[in-house]
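# Reading the structure
This is what each chain is made of:
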Amino acid sequence: MMIAVFAFKTPVFNFVLAPCNNDFFLYRGLSKLLIWMHLDPLPVFNLRLVNIEVASQFFVHLRVSAMIALVISAPIILFMLWSFVAPALYEKEKNAVKGAFGFASVLFYLGVAFGYCFIFPLTIRFLGSYQVSEIVPNTISLSSYISMFIALILIMGLVFEMPVLVKILNKLHLLPKSLLKKYRRHAFVGLLILAAVITPTGDLFTLSVVTFPLYFLYEFSIAICKYDSPPDEDLF
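First, a word on scope: everything that follows refers to the structure included in this document. Keep in mind it's a predicted model, so treat the numbers as computed, not measured.

## Brief notes about the overall build of the protein
The secondary structure content of the protein amounts to 11 helices and 2 strands. The N-to-C order of helical and strand elements in the protein reads α-α-α-β-α-α-α-β-α-α-α-α-α. Taking the principal axes of the C-alpha coordinates as reference, the protein spans close to 70 × 45 × 30 Å. Taking as baseline every contact in the protein between residues at least 6 positions apart, the subset at least 24 positions apart corresponds to 81%. As displayed, the protein offers around 14,000 Å² of accessible surface, 70% of which is attributable to carbon and sulfur atoms. For the protein, the centre of its 17 positive side-chain charges and the centre of its 13 negative side-chain charges are spaced 4 Å apart.

Here it is as structure tokens:
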């Protein structure tokens, strides 16, 4: 899969570098929203990337190809992982985990899409245009941009796996539904801190864009849980 992605360099990097350009759909949508609210549109944003190392562009191409191949191959990788783990599980454990891997793949893709469409563009726009002084222009290296791109996209994909983990623990009677309901406020604060770590931009808008979907995932986790007390018999 990595070899196949590597061969399509131009469309791949048009996709990866799209948030650098003011024509990115999120920026255009926010500008239209601001104009509709009779406010000034977003300032023009065109991030200029530079390469400062001889072999950097080639290795960036390899890293991006590997990351996209990993995302595309996620369902196959999860299925192979399940095939390896399943023989070692008890029957009740198998029933608890059954179907979780397919659900995990869907949530992983949703997380990756959310990271690409909202989290990364807002983060790179804020950090890429932030200046301590007008005499210090921003010159962003390609390697730095790609490192942040890969990190945020994959982190959001993993964070969106929260309902799967909660569902498995609940089916194993290790995480009662009542406990999740009881600590809603604590969970919100924890997710707020997690969102602040994921998006180091510091602005309230970006923090809200991350926090509320994460909290929605928490509420969704509660909704899909059924068990509220330990089973009468020993699990094993």
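From this point, the narrative continues.
## Considering the nonpolar core
Counting 50 residues, the largest nonpolar core has V16, V64, Y145, I146 and F149 as its most contacted members. Secondary structure elements with two or more residues in this core: α2 (9–16), α3 (25–36), α4 (56–85), α6 (100–129), α7 (142–159), α10 (184–198) and α11 (204–224). If one sorts the elements of this core by residue count, α7 sits on top with 9 residues. Discounting residues that sit within four places of it in the chain, F149 has contacts with V16, M67, Y116 and F120. W82, V97, L107 and I168 belong to the second-largest nonpolar core, a separate cluster that totals 9 residues.

## Re unusual backbone geometry
As a rule of thumb, non-glycine residues mostly have phi less than zero, and peptide bonds are mostly trans rather than cis. Not every positive phi belongs to a glycine, and H38 is a case in point at roughly 60°. Looking at the element boundaries, H38 is found in the loop between α3 and β1 (49–50).

## Some points on the packing of aromatic side chains
Across all of its chains, the model carries 19 aromatic pairs by this definition. Ring centres 5.4 Å apart and planes at 40° place the aromatic pair F114 and F118 in the tilted group. A residue pair is termed a helical-turn pair when its members lie 3 or 4 positions apart in one helix, as F114 and F118 do in helix α6 at 4 residues. Each ring, one from F216 and one from F220, has its centre 6.5 Å from the other, and the planes form 15°; the classification is stacked. Of the two residues, F216 and F220 are both situated in helix α11; the distance of 4 residues between them amounts to about one turn of the helix. A relative accessible area of 56% places F216 in the exposed class. A relative accessible area of 28% means that F220 is categorised as partly exposed. For R125, the ring lying beneath its charged end belongs to Y27, and the centroid distance is 4.8 Å.

Thresholds, definitions, all that
- Residues numbered from 1 in each chain as written.
- Predicted model: local features only at pLDDT ≥ 70, side-chain atom pairs only at ≥ 80, totals over all residues.
- Heavy atoms only, no water.
- Helix = DSSP H or I, 4+ residues; strand = E, 2+ residues; numbered from the N terminus.
- Contact = heavy atoms within 4.5 Å.
- Areas by Shrake-Rupley, 256 points an atom, 1.4 Å probe, with all protein chains shown as cover.
- Lys, Arg positive; Asp, Glu negative; His and termini not counted.
- Charge placed at Lys NZ, Arg CZ, Asp CG, Glu CD.
- Core = buried A, V, L, I, M, F, W, Y, C linked by side-chain atoms within 4.5 Å.
- Buried < 20%, exposed > 50% of the residue type's maximum accessible area, 1.4 Å probe, protein only.
- Phe/Tyr/Trp six-rings, centres within 6.5 Å; stacked < 30°, edge-to-face > 60°.
- Lys NZ or Arg CZ within 6 Å of the ring centre and 35° of its normal.

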